Amino acid sequence: MEMKWWQTAVVYQVYPRSFQDSDGDGIGDLKGIIRRLDYLEKLGITAIWLSPVYQSPNDDNGYDISDYQNIMTEFGTMDDMDELIKQADQRNIKIIMDLVVNHTSDEHKWFIESRKSKDNPYRDYYIWRDPVNGDVPNSLRSTFSGSAWEYDEESRQYYLHLFSKKQPDLNWENKRVRQEVWDMMNFWLEKGVGGFRMDVIDLIGKIPDEEVTGNGPKLHDYLQEMNRETFGRYDVLTVGETWGATPEIAKLYSDPKRNELSMVFQFEHVCLDQQQGKEKWDLKPLDVNELKQVISKWQTALGDEGWNSLFWNNHDLPRIVSRWGNDTTYRTESAKMFAILLHLMKGTPYIYQGEEIGMINCPINDISEVEDIESVNMYHERLANGYKKEEIIASINAKGRDNARTPMQWDDTENAGFTTGTPWLHVNPNYHELNVKANLEDPNSIFFCYQTLIQFRKENPIVVWGDFELVTDVPEQVFMYLRHYEGQTWAVVANFGEGKASLQLPSLGQSDDVIISNYARSAADFHQLDLKPYEAFAVKL
Ligand code: TEU
């Protein structure tokens, strides 16, 4: 396999709305991101995945785009964007754009035209169907609750929206639509962006009439066409968001011989605390054994025919420390445990803003405190279906997307240094203790654990290229794996429990065989271990 820059990269996701405000309107912006580039350079990351910054009415915080070639007014101007690309480049940081092309906003000019009449030249840019027996065309549902079909009184047809009704799905079978998307992507590539993160890309091959949404038959043809017509000529990172990927499917996307994408995000591990066949809100406890099996399967399955992406968090997921760690007594320990466990695996790691300081969920008491459309719609749907209010609020506190979207906590001044105005979403009140400034002042902080791990990847080929082997004869709550590369072996251990867990390792040769550890232990201690809560370390065997 030819070596690519993104195989040794670490990507940092910025959710611009919540990262840094520079003008006091309570909403993060591009100038704010520019101001924080030195911080990101210090962390050591290679690239920034920028959640959408395009013109948008913000029904879904920028994932509903009304103009792909202009910047959202609250975020700044195209000049600011050019400046961000330039200033990031000076720090060897690439900017990965969020490509949201399964759907547009209903306020995009294409849709405004499309809905005008059945014979409008843009009609076929979207997916319109006649009513069936005076009702919706079929039972497809929106991810944001309710039917995926919205009736348009004017033209007496339904249009498809797999997300909000303000996010009509584009008709990818239309060659003109694909050409528009290629032109838009080339516009950004010519600006020098470092690649694309592709929103729900596995939906673009859908066959709505057969109720097929993910992994449709034309999906990979479209991606090969995209590669040929756009980024194939550039040395960029492309990562598809693919909720329905199995390792076999992931190889179709990321096998270099197929000329599609660099890698995909798979979501099998983050669905493990969800009841089978139910929705994300229907929780069950995590079984650590299942997590080990799933991750190990992905680590070993892709081999030379693909590449993994590694993540615990993004703007749609609850904070990992609150989810599977302990966000009170062992917040620091468990945050470092997740970092050590993930960052020594094979693949490209992604850090979501605030993860590197161990930010946690931010519980709410009432639906009036919630901004996220997915949670709000679910709340009303479940209330109507007889669920108890407390039950729904509990599931929003566990899984709601606002947990990840509260403003970045920079320091202990008002609003955590995020804004001098009124923040668009409440700041987590724990910012007085939990913030970037405090992390930078403490050499033992979560931040420096991430910084060290990122540095390891740059300096040690074993982290990038080593084979992965799961160790199975360990206590159930312990996730242990080995990396092997050119005669070297590293062992990584992560304890998910707070109770007793013992582990025996071969005696270490010398003290610098301890690579990293979240508790202070002498090298001799790593032989017969009673693991401490959320203890994690890596050693050379
Ligand atoms: O997410 C796709 C998606 O399916 C999520 O809505 C997901 O189901 C849910 O949030 C699980 O937590 C992408 C974006 O990442 C998300 O922010 C957008 O809302 C969505 O697409 C529509 O563009």
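Everything below is about the structure shown above.
Residues numbered from 1 in each chain as written. Predicted model: local features only at pLDDT ≥ 70, side-chain atom pairs only at ≥ 80, totals over all residues. Heavy atoms only, no water.

Draft legend 1. Main features of the overall build of the protein. Within the protein, the regular secondary structure consists of 16 helices and 20 strands. For a compact globule of 541 residues, the expected C-alpha radius of gyration is about 24 Å, and the protein comes in at 23 Å, within 12% of that figure. Principal axes of the C-alpha set define a box for the protein whose edges measure 80 × 50 × 45 Å. Contacts in the protein between residues at least 24 apart in sequence constitute 68% of all its contacts with a sequence separation of at least 6. Of the roughly 20,900 Å² of accessible surface on the protein, a fraction of 45% belongs to carbon and sulfur atoms. Charge separation in the protein, taken as the distance between the mean sites of 55 positive and 87 negative side-chain charges, equals 2 Å. (Helix = DSSP H or I, 4+ residues; strand = E, 2+ residues; numbered from the N terminus. Rg over C-alpha atoms; globule rule 2.2 N^0.38 Å. Contact = heavy atoms within 4.5 Å. Areas by Shrake-Rupley, 256 points an atom, 1.4 Å probe, with all protein chains shown as cover. Lys, Arg positive; Asp, Glu negative; His and termini not counted. Charge placed at Lys NZ, Arg CZ, Asp CG, Glu CD.)

Draft legend 2. Broad picture of the packing of aromatic side chains. Summed over the entire model, instances satisfying the criterion amount to 35 aromatic pairs. Aromatic pair Tyr39 and Trp410: ring centres 5.2 Å apart, planes at 80°, arrangement edge-to-face. Of this pair, Tyr39 sits in helix 2 (residues 37-43) while Trp410 sits in the loop between helix 13 (402-405) and helix 14 (436-441), and the two are 371 residues apart along the sequence. The two residues Tyr39 and Trp410 agree in class, both being buried. Arranged with centres 6.1 Å apart and planes meeting at 75°, the rings of Phe479 and Tyr481 form a pair that is edge-to-face. (Phe/Tyr/Trp six-rings, centres within 6.5 Å; stacked < 30°, edge-to-face > 60°. Buried < 20%, exposed > 50% of the residue type's maximum accessible area, 1.4 Å probe, protein only.)

Draft legend 3. Molecular detail of the side chain of Ser445. Note that Ser445 resides in the loop between helix 14 and helix 15 (446-459). A distance of 2.8 Å separates the side chain of Ser445 from the backbone oxygen of Asn439, its partner in a polar contact. (Polar contact = N/O pair within 3.5 Å; in protein donor to acceptor, adjacent residues only side chain to side chain.)

Draft legend 4. A look at the nonpolar core. Formed by 142 residues in total, the largest nonpolar core has its most connected members in Met81, Leu344 and Phe479. For this core, the element with the highest residue contribution is helix 15, accounting for 8 residues. The contacts of Met81, once residues within four sequence positions are left out, are Leu30, Leu50, Val53, Ile71, Ile95, Met97 and Trp188. Residues Val471, Met480, Val493 and Val539 belong to the second largest nonpolar core, which totals 16 residues. (Core = buried A, V, L, I, M, F, W, Y, C linked by side-chain atoms within 4.5 Å.)

Draft legend 5. Inspection of the site of the ligand at higher detail. The full set close to the ligand counts 18 residues, and Asp60, Asp199, Lys280, His315 and Asp316 are the nearest of them. With respect to the ligand, the side chain of Asp199 contributes an N or O atom lying 2.8 Å from an oxygen atom. In the environment of the ligand, an oxygen atom lies 2.7 Å from a nitrogen or oxygen atom belonging to the side chain of Lys280. Considering the ligand on its own, with 490 Å² of exposed area, one finds that the protein chains cover 94% of that surface. Its residues assigned to classes, the shell around the ligand comprises 5 nonpolar, 4 polar and 9 charged. (Near = heavy atom within 4 Å. Nonpolar A, V, L, I, M, F, W, Y, C, P; charged D, E, K, R; others polar.)

Draft legend 6. Summary view of the sheet that holds strand 5 (residues 94-99). Here 8 strands make up an open sheet; going across it, the order is 11-10-9-5-2-1-13-12 and the pairing parallel. Edge positions in the sheet fall to strand 11 (263-265) and strand 12 (309-310), since each has one partner strand and no second. (Pairing = 2+ DSSP bridges.)

Draft legend 7. Representation of the pattern of salt bridges. Using the criterion set out here, one finds 37 salt bridges in the structure. Here Glu260 makes a salt bridge to Arg258, at a shortest N to O gap of 2.8 Å. Overall, the relative accessible area of 3% leaves Glu260 in the buried class. Across the pair Lys500 and Asp530 runs a salt bridge, and its minimum N-O distance is 3.4 Å. With Lys500 in the loop between strand 16 (488-495) and strand 17 (502-504) and Asp530 in strand 19 (residues 528-530), this pair connects stretches of sequence that are 30 residues apart. Salt bridges sharing common partners tie together Asp60, Lys280, Asp316, Asp372, Glu374, Arg401 and Arg405. (Salt bridge = Lys/Arg side-chain N within 4 Å of Asp/Glu carboxyl O.)

Draft legend 8. Layout of the sheet that holds strand 16. Pairing is antiparallel in the open sheet, where 5 strands are placed in the order 14-15-16-20-18. Here the strands that pair on one side only, and so sit at the sheet edges, are strand 14 (467-471) and strand 18 (514-517). On average, each strand axis in the sheet is tilted by 15° relative to the strand beside it, whichever way the strands run. Both strand 15 (residues 478-485) and strand 16 contribute to a ladder of 8 bridges, which runs antiparallel. In the strand pairing of strand 16, Phe479 is matched with Ala494. Where helix 10 (residues 331-343) meets the sheet, its contacts fall on strand 15, strand 16, strand 18 and strand 20 (536-540), and the angle it forms with strand 16 comes to roughly 150°. (Axes fitted to C-alpha atoms, helices over the stretch in contact; angles between N-to-C directions.)

Draft legend 9. Structural context of the packing of helix 7 (residues 247-254) against helix 8 (residues 288-301). Remark: helix 7 packs on helix 8, axes separated minimally by 10 Å, with the N-to-C direction vectors making an angle of 35°. The two elements helix 7 and helix 8 cross, and the hand of that crossing is right-handed. Listed contacts from helix 8 to Pro247, Ala250 and Lys251 of helix 7 are Lys297, Trp298 and Ala301. Per-class residue counts for the contact of helix 7 with helix 8 are 4 nonpolar, no polar and 2 charged. (Left-handed = near helix turned anticlockwise from the far one by under 90°.)

Draft legend 10. Layout of the environment of Pro461. By the element assignment, Pro461 lies in helix 16 (residues 461-465). With 436 residues separating them along the chain, Pro461 and Asp25 place their C-alpha atoms 45 Å apart. Setting aside residues no more than four positions away along its own chain, Pro461 makes contact with Gly466 and Tyr485.

Draft legend 11. Representation of the environment of Arg197 in the model. Mapping Arg197 onto the fold places it in strand 9 (residues 195-198). Those residues within four positions of Arg197 in sequence are excluded, and the remaining contacts are Trp49, Tyr63, Ile96, Met97, Asp98, Leu99, Val239, Glu241, Phe265 and His315. Separated by 3.4 Å, the side chains of Arg197 and Glu241 make a polar contact.

Draft legend 12. Layout of the pairing of strand 9. Alternating residues of strand 9 divide into Gly195 and Arg197 and Phe196 and Met198, and every residue in both groups is buried. Two elements, strand 5 and strand 9, share 4 bridges in a ladder whose sense is parallel. Bridging across to strand 9, Met97 finds its partner in Phe196. Where strand 9 meets strand 10 (residues 237-241), 4 bridges bridge the pair, whose relative direction is parallel. The residue of strand 10 that forms the bridge with Phe196 is Thr238. The parallel pair strand 9 and strand 10 is bridged by helix 6 (residues 219-229), and the resulting crossover is right-handed. (Right-handed = clockwise from strand over helix to strand, strands pointing away.)

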